[in-house]
Amino acid sequence: MRIIKVHNIIISCLLLIGFAVAASAGNFNQDFEITWGDGRAKVLNNGQLLTLSLDKASGSGFRSRNEYLFGKIDMQLKLVPGNSAGTVTAYYLSSLGDSHDEIDFEFLGNLSGEPYTLHTNVFTQGKGNREQQFHLWFDPTKDFHTYSLLWNPQSIIFSVDGTPIREFKNWESKGVPFPKNQAMRIYSSLWDAEDWATRGGLVKTDWSQAPFTASYKGFNAQACVWTSSSGSSCSSKQNQSWLSQSLDSTGQARIQWVQKNYMIYNYCTDTKRFPQGLPPECTLA
Ligand SMILES: *[C@@H]1O[C@H](CO)[C@@H](O)[C@H](O)[C@H]1NC(C)=O
Ligand SMILES: *[C@@H]1O[C@H](CO)[C@@H](O)[C@H](O)[C@H]1NC(C)=O
């Protein structure tokens, strides 16, 4: 009798802990694994903070333990400060493989005081070439800022501190593939790309400033977790309004503000690059 009672108490405690974890922000020890970098990636503060570093010998990286099929995924990043020219901090979702789907944020470093470039891309069935690049309206190295991906069956929305900067709509009805059949993991890495990252490779990495460090916190995913045994499951405890969310008129106005003031490259206006005609989603948008 007594043993059963203790047993029940333990189970109730486990349930409570489980619920607390599901309802609060993520933990890097539980949600992610370090994939490379030989000690250059570190999980700190009981799983609340993760840092990646890069020196001349190697960069570093991590990935999510879970695979997701749709989600609203937030992460706070603080980028390499000072002279970060040549460094790239990549933060993306990918299914990997030849016909992979992928949704990218890449932060291209710069000389001290010069702006980072936020590079975005969407790959469907192995095909990308959908770059849009932005400058940011703040210094992304001074504080943490939230970078979010909303990925649902209708669209993909990239946001920065809650401001949408890009939308890739589902135009499957017009023959444009949309990522919705392959689960993706979250990946991030800090690596050296001095051959192209800063002013097209003119500015090289200054290794006297190494190690370079980028920091992550505040991971929060409302997402459908995919497993090979049971397919995709979205936690029924969660508010699932994100699964059908789309840009409202305020969101449309914000995107227009960002694109007017901060966009520095848009594949959809690069007619030289696509002499046969712009990709179909560009004229549908
Ligand atoms: C670096 O700064 C230059 C000059 O302000 C700017 O043109 C460029 O877009 C910035 N970013 C990169 C990645 O080169
Ligand atoms: C679910 O989330 C949306 C958007 O965040 C909110 O407007 C709505 O009230 C929430 N619904 C419930 C039942 O909590």
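What counts as what
Residues numbered from 1 in each chain as written. Chains lettered and ligands numbered in written order. Predicted model: local features only at pLDDT ≥ 70, side-chain atom pairs only at ≥ 80, totals over all residues. Heavy atoms only, no water. Helix = DSSP H or I, 4+ residues; strand = E, 2+ residues; numbered from the N terminus. Buried < 20%, exposed > 50% of the residue type's maximum accessible area, 1.4 Å probe, protein only. Contact = heavy atoms within 4.5 Å. Areas by Shrake-Rupley, 256 points an atom, 1.4 Å probe, with all protein chains shown as cover. Lys, Arg positive; Asp, Glu negative; His and termini not counted. Charge placed at Lys NZ, Arg CZ, Asp CG, Glu CD. Near = heavy atom within 4 Å. Polar contact = N/O pair within 3.5 Å; in protein donor to acceptor, adjacent residues only side chain to side chain. Disulfide = S-S within 2.5 Å. Phe/Tyr/Trp six-rings, centres within 6.5 Å; stacked < 30°, edge-to-face > 60°. Lys NZ or Arg CZ within 6 Å of the ring centre and 35° of its normal. Expected span 1.5 Å × (residues − 1). Arc of directions from axis to C-beta. pLDDT = per-residue confidence, 0-100. Salt bridge = Lys/Arg side-chain N within 4 Å of Asp/Glu carboxyl O. Pairing = 2+ DSSP bridges. Axes fitted to C-alpha atoms, helices over the stretch in contact; angles between N-to-C directions.

### As for the overall build of the chain
- Each helix and strand counted, the chain has 4 helices and 16 strands in total.
- The principal-axis extent of the C-alpha atoms belonging to the chain is close to 80 × 50 × 35 Å.
- Taking all 285 residues of the chain together, 46% fall into the buried category.
- Of all intrachain contacts in the chain linking residues separated by at least 6 positions in sequence, the fraction that spans at least 24 positions is 64%.
- On the chain, roughly 14400 Å² of surface is accessible, and the fraction owed to carbon and sulfur atoms is 51%.
- Distance between charge centroids for the chain: 6 Å, based on 25 positive and 25 negative side chains.

### Details of the site of ligand 1
- Near ligand 1 you find Leu108, Gly109, Asn110, Glu114, Pro115, Thr117, His135, Ala197, Thr198 and Arg199, and these make up its full shell.
- Here an oxygen atom of ligand 1 sits 2.5 Å away from a polar atom, N or O, in the side chain of asparagine 110.
- Contacts to ligand 1 include proline 115, whose backbone N or O atom sits 3.3 Å from a nitrogen atom.
- Within the complex, the protein chains bury 75% of what would otherwise be the 360 Å² of accessible surface of ligand 1.

### A word on the state of the cysteines
- The tally for this structure, following the rule as stated, stands at 2 disulfides.
- Two residues, cysteine 224 and cysteine 234, share a disulfide whose sulfurs are 2.1 Å apart. Measuring handedness by torsion sign, the sulfur bridge of cysteine 224 and cysteine 234 sits at about 95° and is right-handed. With cysteine 224 in strand β14 (residues 212-227) and cysteine 234 in strand β15 (residues 231-234), the pair connects residues that are 10 residues apart, well separated along the chain.
- We classify cysteine 224 as buried; its relative accessible area is 1%.
- What pairs with cysteine 268 in a disulfide is cysteine 282, and their sulfur atoms sit 1.9 Å apart.

### Overview of the packing of aromatic side chains
- Applying the stated rule across the entire model yields 19 aromatic pairs.
- One aromatic cluster is present, built from ring pairs that chain together Phe28, Phe32, Phe62, Tyr216 and Phe219.
- The lysine or arginine in question, arginine 254, covers the ring of tryptophan 257, its NZ or CZ lying 5.0 Å from the ring centre.

### Section: the environment of aspartate 55
- On the secondary structure map, aspartate 55 appears in the loop between β3 (49-54) and β4 (60-64).
- Note: C-alpha distance between aspartate 55 and leucine 190 (135 residues apart in sequence) is 9.8 Å.
- Among the polar contacts listed, one links the side chain of aspartate 55 to the side chain of arginine 40, at a separation of 2.9 Å.

### Here we look at helix α3 (residues 249-261)
- Between the first and last C-alpha of α3 there are 18 Å, a value that for 13 residues agrees with the 18 Å anticipated at 1.5 Å per step.
- For α3, the set of buried residues is Gly251, Ile255 and Val258. Burial along α3 is one-sided: seen end-on, the buried residues are contained in an arc of 65°. Projecting away from the buried face of α3 at angles above 90 degrees are the exposed residues Ser249, Thr250, Gln256 and Lys260.
- On its buried face, α3 sits against β9 (132-134), β12 (163-169) and β16 (263-266).

### A short note on the confidence of the model for the chain
- With 91% of its residues at a pLDDT of 70 or more, the chain has an overall mean of 91.
- Under a pLDDT of 50 for its full length, residues 1-24 has, in the predicted model, 3 contacts with residues more than four places off or in other chains.

### Points about the pattern of salt bridges
- Counting across every chain of the model gives 9 salt bridges.
- Put simply, arginine 130 and glutamate 281 hold a salt bridge, and the shortest N to O gap is 2.7 Å. One end of the pair, arginine 130, is in the loop between β8 (117-123) and β9; the other, glutamate 281, is in helix α4 (residues 280-284), with 151 residues separating them in the sequence.
- Between aspartate 139 and lysine 142 there is a salt bridge; the shortest N-O distance is 3.3 Å.

### As for the sheet that holds strand β6 (residues 87-94)
- Taken in spatial order, the 8 strands of this open sheet run β1-β4-β13-β6-β7-β8-β9-β16, and their pairing is antiparallel. Each having just a single partner strand, β1 (32-36) and β16 make up the two edges of the open sheet. Taking the axes of each pair of neighbouring strands and ignoring which way they run, one obtains an average angle of 15° across the sheet.

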